[in-house]
Amino acid sequence: EPEVTQTPSHQVTQMGQEVILRCVPISNHLYFYWYRQILGQKVEFLVSFYNNEISEKSEIFDDQFSVERPDGSNFTLKIRSTKLEDSAMYFCASRKDGGASGELFFGEGSRLTVL
Amino acid sequence: AQSVTQLDSQVPVFEEAPVELRCNYSSSVSVYLFWYVQYPNQGLQLLLKYLSGSTLVKGINGFEAEFNKSQTSFHLRKPSVHISDTAEYFCAVSGLRGSNYKLTFGKGTLLTVNP
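Residues numbered from 1 in each chain as written. Chains lettered and ligands numbered in written order. Predicted model: local features only at pLDDT ≥ 70, side-chain atom pairs only at ≥ 80, totals over all residues. Heavy atoms only, no water.

Undergrad: Let's hear about the state of the cysteines: which residues, and what values?
TA: Evaluation of the coordinates by the stated rule reveals two disulfides over all chains. With a sulfur-sulfur separation of 1.9 Å, Cys23(A) is cross-linked through a disulfide to Cys92(A). When the S-S torsion is -65 degrees, as for the bridge of Cys23(A) with Cys92(A), the disulfide is left-handed. Of this pair, Cys23(A) sits in strand β3 (residues 19-24) while Cys92(A) sits in strand β9 (residues 88-95); the two residues are 69 residues apart in sequence, bridging distant segments of the chain. As far as burial versus exposure is concerned, Cys23(A) and Cys92(A) are alike and both buried. Across the disulfide, Cys23(B) is cross-linked to Cys91(B) (sulfur-sulfur distance 1.9 Å). Here the S-S torsion is close to -65 degrees, and the disulfide linking Cys23(B) with Cys91(B) is therefore left-handed. You can see Cys23(B) sitting in the loop between β3 (19-21) and β4 (24-27) and its partner Cys91(B) sitting in strand β10 (residues 87-95), a full 68 residues away along the chain. Given a relative accessible area of 0%, Cys23(B) falls into the buried group. (Disulfide = S-S within 2.5 Å. Helix = DSSP H or I, 4+ residues; strand = E, 2+ residues; numbered from the N terminus. Buried < 20%, exposed > 50% of the residue type's maximum accessible area, 1.4 Å probe, protein only.)

Okay, structure coming up:
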């Protein structure tokens, strides 16, 4: 069964360092998302991506964050200069079509710990 | 904008007992409703969804949920739980169109099934 895969599963970094989280969405999916969950808090929407551009982003997704789909298969989230409060589980998700009724498939998450 | 409230952060139950996980939402527009499950060290997996039609929806693993528009609720139920149902359960909503396609999640309910 096709699945969304994420790497790394866990990354520890120092404050101020750049981090890239990688995702391989399901191959025939066209819409891509990043969500995050700070420990003990809600899963929050960060950004959606379609047709090689951001279609929507939350207020969390500031200039320190960027996404790209560099090679047609990977979908990456970059945090330029990490802060302590960026520590969270980051989930990548994809769906085949843009309709809200379509199922969103999630990866297992990448846990980011910023020291 | 939408919001989701899951009233119980943790629900411990004994095996073969019934369980109800509560979810209330608020929205100024019509919504789709979802329940996702996260097993330990795994990604979020869709349990069931309400799009339209019958207010009682059945999902995987014997779970069902009932949409109650007047009470803005979408509670998840299972008549008899198993140890393997131990997981975190997330209620989520999305708008029907446009920029509202993104999912808004609740904080999650940790269901622990004890022998």
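Undergrad: Before we move on, could you go through the pairing of strand β5 (residues 31-38) of chain B and cite the residues and values that matter?
TA: Side-chain direction in a regular strand flips from residue to residue, so the side chains alternate between the two faces of the sheet. Residue and element names in this part refer to chain B. By the criterion of burial, β5 is predominantly enclosed, with eight of the eight residues buried. Residue alternation in β5 divides its side chains into two sets, Val31, Leu33, Trp35 and Val37 and Tyr32, Phe34, Tyr36 and Gln38, and both sets are buried. For β5 and β10, the ladder comprises eight bridges, and the chain directions are antiparallel. Residue pairing in the sheet places Val37 in a bridge with Tyr89 of β10. Of the strand pairs in this sheet, β5 and strand β6 (residues 44-50) are connected by six bridges, and their pairing is antiparallel. The residue of β6 that forms the bridge with Trp35 is Leu48. Where β5 folds back onto β6 in an antiparallel hairpin, the turn is made up of five residues, including Asn41, whose phi is positive at roughly 60 degrees. (Pairing = 2+ DSSP bridges.)

Undergrad: Lay out unusual backbone geometry in plain terms, naming residues and giving numbers.
TA: Residue and element names in this part refer to chain A. The omega angle of the peptide bond from Thr7 to Pro8 is -10 degrees, so this bond is cis rather than trans. Considering the arrangement of structural elements, one finds Pro8 in the loop between β1 (5-7) and β2 (10-13). Even without a glycine there, the phi angle at Asn51 is positive, about 55 degrees. Counting through the fold element by element, Asn51 comes out in the loop between β5 (43-50) and β6 (53-57). Since its relative accessible area comes to 57%, Asn51 is described here as exposed.

Undergrad: Tell me about the environment of Gln6(B), and name the residues and values.
TA: All names here are of chain B. Here Gln6 lies in the loop between β1 (2-5) and β2 (10-14). Under the relative-accessibility criterion, Gln6 is labelled buried at 10%. Sequence-distant contacts of Gln6, defined by excluding residues within four places in its chain, comprise Arg22, Trp35, Tyr89, Phe90, Cys91, Gly106, Lys107, Gly108 and Thr109. From its side chain, Gln6 meets the backbone oxygen of Tyr89 in a polar contact 2.9 Å long. (Contact = heavy atoms within 4.5 Å. Polar contact = N/O pair within 3.5 Å; in protein donor to acceptor, adjacent residues only side chain to side chain.)

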